[in-house]
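Architecture and fold: a report
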Amino acid sequence: MKLSSYVEKTYKDKLTIIRYVSVENADGTTGELQDPSEDLVDIPCRISMLKPDERDGDTPDVDGTFTRVKIFLSPRFHVLKSDSLIANQYLEGVKVQSFKGRAGDPFIYDLSQEVVLVENRVKANV
């Protein structure tokens, strides 16, 4: 068994890549559609926290979320900078947390790659 197989056994989380591809419409114009590839869904990964969200004491009525997580996955998968990512964290097979954001430029190693997901959204506290 290869060393990469052992590394990938530690990936208990799942990543979905949302990417748009250019298509030619019937009228000759160019449009975009979400890539329907099954290879971009439920990719085994490992999520690690880089910068957890902190409470904004300055504007209590609108508390923005700014989180940075590092995602480790196999180098076989091709992640592009600015891809939309949905990373789901699992504990004992149960989804406990979900992160949605944009991918930074991936850094590829022999056995894995790491991608920083930046989640930046505003949630109104009503």
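Residues numbered from 1 in each chain as written. Predicted model: local features only at pLDDT ≥ 70, side-chain atom pairs only at ≥ 80, totals over all residues. Heavy atoms only, no water.

1. Observations concerning the confidence of the model for the protein
- Residues at a pLDDT of 70 or more form 82% of the protein, whose mean pLDDT is 84.
- The least confident element of the protein is strand 9 (residues 113-124), whose mean pLDDT is 78; the most confident is strand 1 (residues 13-18), at 96. (pLDDT = per-residue confidence, 0-100. Helix = DSSP H or I, 4+ residues; strand = E, 2+ residues; numbered from the N terminus.)

2. Here's the deal with the environment of Leu111
- Residue position: Leu111 is located in the loop between strand 8 (107-108) and strand 9.
- Overall, the relative accessible area of 30% leaves Leu111 in the partly exposed class. (Buried < 20%, exposed > 50% of the residue type's maximum accessible area, 1.4 Å probe, protein only.)

3. Overview of the side chain of Asn88
- Note on placement: Asn88 falls in strand 6 (residues 84-91).
- Within polar-contact distance, the side chain of Asn88 engages the side chain of Ser98 at 2.7 Å.
- Apart from residues no more than four positions distant in its own chain, Asn88 is found in contact with Asp13, Lys14, Ile47, Lys95, Gln97 and Ser98. (Polar contact = N/O pair within 3.5 Å; in protein donor to acceptor, adjacent residues only side chain to side chain. Contact = heavy atoms within 4.5 Å.)

4. Brief notes about the pattern of salt bridges
- Inspection of the entire model under this criterion finds three salt bridges.
- For Arg19, the salt bridge is made with Asp83, and the minimal N-O distance between the two is 2.6 Å. Here Asp83 lies in the loop between strand 5 (62-73) and strand 6 and Arg19 lies in the loop between strand 1 and strand 2 (20-24), a separation of 64 residues in the sequence. In this structure, Arg19 and Asp83 share a single accessibility class: buried. (Salt bridge = Lys/Arg side-chain N within 4 Å of Asp/Glu carboxyl O.)

5. Observations regarding the side chain of Ser112
- On the secondary structure map, Ser112 appears in the loop between strand 8 and strand 9.
- Classification of Ser112 by relative accessible area gives buried; the value is 12%.
- Among residues more than four places away in sequence, those in contact with Ser112 are Tyr11, Leu73, Pro75 and Phe107.

6. Focus on the nonpolar core
- With 16 residues, the main nonpolar core has Leu15, Ile17, Ile71, Leu73, Leu85 and Leu117 as its most contacted residues.
- Leaving out residues up to four positions away in the same chain, Ile17 has contacts with Leu40, Ile43, His78, Val79, Asp83, Ser84 and Leu85. (Core = buried A, V, L, I, M, F, W, Y, C linked by side-chain atoms within 4.5 Å.)

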